[in-house]
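# Structure assessment
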Amino acid sequence: MTRDALKVLLFTIGLVVLFVWAGEVITRASGGAEAAVLGEGVSVENGEQIFWGPGKCHTCHSAGTRGSNVRCPNLGASADGSEIGLRSVERARERSEELGQEMSPVEYLVESIVSPSAHVVEGYKDEMPKVYEPPISLGADEISSVILYLQALGGVPEPGRIVLPAEIRMAGLGGGSTEPWAPYLAGDTLRGSEIFFDVEGPAPCAKCHRVGDRGGDIGPELTGVAGTRPARFIVESVLQPSLEIASGYETVLIQLTDGRLLDGVVRSESADSLWLVTSDGEEVGLEPAEIARRREQELSLMPDNFSDVLTVTDLHDLLAYLFTLR
Amino acid sequence: MRAPAPTGPAGSSGRLAAYAGIVVCLALLLLWPEGLSAAQEGPLTAVDDVRTFFGLNPRKTVWFVAQLHLLFAAFVLGVPIFAVIVEFIGWRTGDRRYDRLAQEFTRLLAAAFATTAALGGLLAFTLYGLYPKFANYFTAIFAPSMYVYAGLFFLETAVLYLYYNSWERLRESKGLHISLGVLLNVVGTVLVFVANSWASYMMAPVGVDESGAFTGTTLQAVANPLWMPLNIHRILGNVTFGGFVVGAYAAVRFLSSRSPEQRAHYDWMGYVGNFVGLAALIPLPFAGYYLGREIYSASPVMGNNMMGGAFSWTFIMQAMLVGLLFIAANYYLWSGMSRIPGAERYRHFTKYFNVVLIVCVAVWLTPRNIPLTAGEQLALGGQVHPILGYLGLMSAKNAVINLIILTTFASLLLYRRANKTDLVPISQQPARVRMVVVGAGALCFLILAWYGWVLLRLQPASLDLAPEKAVYFRIVALLLFLGIAVAVTCVILTLRDRGQLAQILYFTFAAATCAGFLGVYGFIVMVEANPFLRQVAVAQWLVLMTALILITGIDVVLFRRARKMGRIRWGEVTGRSQYALISLCVTIVLTMGLMGFVRSGLRENWHIYGVMRDTSQWAFTPSHASMAQMVGSITLVFLGAIAFLFWLAGLGKTRSREARRASGASGRDGAREAT
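Residues numbered from 1 in each chain as written. Chains lettered and ligands numbered in written order. Predicted model: local features only at pLDDT ≥ 70, side-chain atom pairs only at ≥ 80, totals over all residues.

This brings us to the overall build of chain A. The helix and strand tally for chain A stands at 11 helices and seven strands. The globule rule puts the C-alpha radius of gyration for 326 residues at 20 Å, and the 29 Å found for chain A is more than 25% above it. Each principal axis of the C-alpha distribution contributes one length, and for chain A these read about 85 × 65 × 40 Å. Counting the 326 residues in chain A, one finds 31% classified as buried. Partitioning the contacts of chain A with sequence separation of at least 6, the portion at a separation of at least 24 is 55%. (Helix = DSSP H or I, 4+ residues; strand = E, 2+ residues; numbered from the N terminus. Rg over C-alpha atoms; globule rule 2.2 N^0.38 Å. Buried ≥ 20, exposed ≤ 12 C-beta atoms within 10 Å, placed from the backbone. Contact = placed C-beta atoms within 7 Å.)

Here it is in structure tokens:
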């Protein structure tokens, strides 16, 4: 090997060694080599480790001068206010006024984690994920620990007063499955299509739903529904339509000044008029003066008796057809 | 008769092979203790999920093979792009050197192609062998695309051989031959797009229900939100990589060349490699930002972890490497000016450029805060330094990367004009040439007007901001409209023979806007209207893009048919400049390894993010030290293997030259006997 080639070799190795050295230095500087070991149960110490570790809270929040991220409110003493342990008292008072019911500081902190969209601090985006869902997937004890840690920032931890909703207590118990939901019977897609479009039949879906250029417009269009919605959701929507109503298709009950009652879906609304599509598919125009009362309904316009009017075979034929709509 | 002593390429090829062998051995030595320690670990608990191979850590095994495969894939995709560009330049300029260069590198592809395919097969085997459950799930989703991939691979092989073997036959039909090269690149690009869909799906899965079951179609999985951003980033990265590999090859050859002709040839080759690499490197940070932004949009948890969590320090390392790339590329340009008569007029600028680059890189790699002891905090006056702490925030980093790109662009401009004088006034140029300036101005107008309009119409509610915060949007929009006025002024100045003034004016505007005003304004936005910060960064980069477009457009016209002060003295360049080329190649390989780690590591303990968890004992994010050792080892193995391939290609060339020489001699002997 000539001197030139040797010099090139040494230069190359030198650069790589420098890079490896930088990795070593950064590991020492960032404390990355010291993996935190979580203790058992619910505690402030565990909460601190989770906040600054697997909970990833620190990737958006800082706490006073600790941390550098400004995407979400600083939870320590800062321009955003006092430490969150103290601040939660004030926030809870504000939320109580908003909601018209009493909310304690610890309930405010629980709400911030369980339903982060319920109250978004002004100046910040509504972007906090649900930490008990993937990919963070914290368990109930871990969330309780974080709440204790937050209370400890300027306040007094109250371990006995943390009550998490059932959805969090159950979270993570069945996660990780990768087996798709499958219907019990294979189903005949052609027959399912006939059931769907038979407006005189027991399940006249096409009366309200459109597929391609066929069907009505009272309910959401179903062209491509299986490509955007999981199978489980489609089955639930058929059997329990009120469980989750598609946005824009919520039912309203309107009492007219002459005493009549109308229920349907609001198609359009302005200061001068309101257009309602009733459950019969009729479009009715109303002026504000005609409306005596109006109430949003929790029940969908869609009938919820398909498990009674369809046989098991019919239901699976219908589902088989719906699953082809990609 | 004595056999001729190997000289030139053949001699250095042997040294390259020895170099390759040593590098590979060193890398394997680095890896060995890892395998040994992993072999001593306990029995597996989830045999169905993960297996091991000779006790090796399966995660690191797949990491090593996948990254090596990716680097080879980048080589076989980057080099054809480089070759076609160079062949096209040769065709249009009539300079045969470009054609020879393109052919020389296409020859390397055959061996590299086989190695890439072998590593791809090995990657598939390791995935199916070590992670059977994941591989099964993944195959169920992507099986149709895998057949498409295989088909494209056959097609690419056929087109590659057709492209290389028809070089001489189609010498008179260059357009057709270049079309074949373009076809080769189109097939290669589609091929990498298919593979990118797999990698991006693992980060941003779609069509999955809440139980983790896949309910969508293969096409939906392919067109996941990160697919196109990753495609763009990888294509630009591959071109940069291809250019810098060529540059390093030329540098090694240059250093071992003894004749002036060879030195001139390899000096020129290094310049071309660096130029192509640098041209793709300049827009690469834009593509990286776009990818990062889409990662954030796909999963804020992943995005925040990337920039503000466990990977924020990895980006400090990235800043070191990318900073080194820019500094080395600039240094090479400045050094190369020593061979250009007339360049001495501009050499005094280089020291200022150097200072700007070093300061900018220093800012770029400044962390916001580091773990400190109580004593250190007391000495510093807090967790964060009162002044330097600001340099660790995104706004400062966005400002300096823009300034780094502008400085590099300025170096390129000076290099281009180094030996040119006596400019032909633009008013005396043909109308179609003047239209280049008008066209560039119009394009800038459209870009600035479009985004200014977008910002004017942006609703604060869409960013969860109060209505009065709209004033922060309008300021940036007005700045973009001011940019339109400056661009129009520059076009008018250019058409009135004040092109250099126009360039200075727009350059100053861009620097003052991107790095100055918007850099500082970003800090205000961070406090007053934080969610708007992303739009500020986009505005900064759009202004920068318009600067690249408009100033280049003016430059092309301004120096058209200018008198040259002398010929470039190829070969008369310092050895140090060649080490700059080598450092560019090593650094780009390290950067690709590092970014490969970031892309995969961001998934943390998920095979498929949020859907399929890696439950094995190896599912943890390695420390930066461990990552650097792995990436360093992969880099050494890859460079060693590439050097070996170069040696192989050189060997074939030497053999064929000897064969020609021998057949020529025997022909002469035969003729002598006949007479």
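Moving on from the model shown.
Turning to unusual backbone geometry, a few remarks are in order. Going from Pro134(A) to Pro135(A), the amide bond is cis rather than trans, its omega being 5°. On the secondary structure map, Pro135(A) appears in the loop between helix H4 (105-114) and helix H5 (140-152). Residue Lys56(A) is not a glycine yet carries a positive backbone phi of 60°. Following the sequence through the fold, Lys56(A) ends up in the loop between helix H2 (44-51) and helix H3 (84-99). Residue Lys56(A) is classed as buried on the basis of its C-beta count, with 25 C-beta atoms lying within 10 Å. The phi torsion at Asp422(B) lies on the positive side, around 50°, for a residue other than glycine. Locating Asp422(B) in the fold gives a position in the loop between strand S1 (420-421) and helix H16 (431-457).

On to the confidence of the model for chain B. All names here are of chain B. In this model, chain B carries a mean pLDDT of 86, and residues with pLDDT of at least 70 account for 88%. Confidence scores differ between elements of chain B, with helix H1 (residues 8-39) showing the lowest mean pLDDT of 49 and helix H17 (residues 470-495) the highest of 96. Note on residues 1-13: pLDDT under 50 across the span, and 17 contacts to partners over four residues away in sequence or across chains. (pLDDT = per-residue confidence, 0-100.)

What follows concerns the packing of H17(B) against helix H18 (residues 499-528) of chain B. Residues and elements named next belong to chain B. It is the contact of H17 with H18, at a shortest axis distance of 9 Å, that shows an interaxial angle of 175°. For the element pair H17 / H18, the angle class is roughly antiparallel. For the pair H17 and H18, the contacting residues are Tyr472, Leu479, Gly483, Val486, Ala487, Thr489, Cys490, Leu493 and Thr494 in the first and Gly499, Leu501, Ala502, Leu505, Tyr506, Phe509, Thr513, Phe517, Val525 and Glu528 in the second. (Axes fitted to C-alpha atoms, helices over the stretch in contact; angles between N-to-C directions. Parallel < 35°, antiparallel > 145°, perpendicular 65-115°, else oblique.)

The subject of this paragraph is the nonpolar core. By size, the foremost hydrophobic cluster in this structure holds 220 residues, and its most contacted members are Phe82(B), Ala248(B), Leu325(B), Val400(B), Tyr506(B), Leu584(B) and Cys585(B). Looking at which element gives the most residues to this core, the answer is helix H2 (residues 58-93) of chain B, with 21 residues. Discounting chain neighbours no more than four positions away, the residues touching Cys585(B) are Phe244(B), Val245(B), Gly247(B) and Ala248(B). Counting 26 residues, the second-largest nonpolar core is a separate cluster that includes Ile50(A), Tyr108(A), Val110(A) and Leu153(A). (Core = buried A, V, L, I, M, F, W, Y, C linked by C-beta atoms within 7 Å.)

Residue and element names in this part refer to chain A. Across five bridges, the pairing between strand S3 (residues 251-256) and strand S4 (residues 261-269) is antiparallel. In the strand pairing of S4, Gln255 is matched with Leu261. Pairing of S4 with strand S5 (residues 274-278), which is carried by five bridges, proceeds in the antiparallel orientation. Bridged to Glu269 within S5 is Leu274. Between S4 and S5, which pair antiparallel one after the other, the connecting turn spans four residues. (Pairing = 2+ DSSP bridges.)

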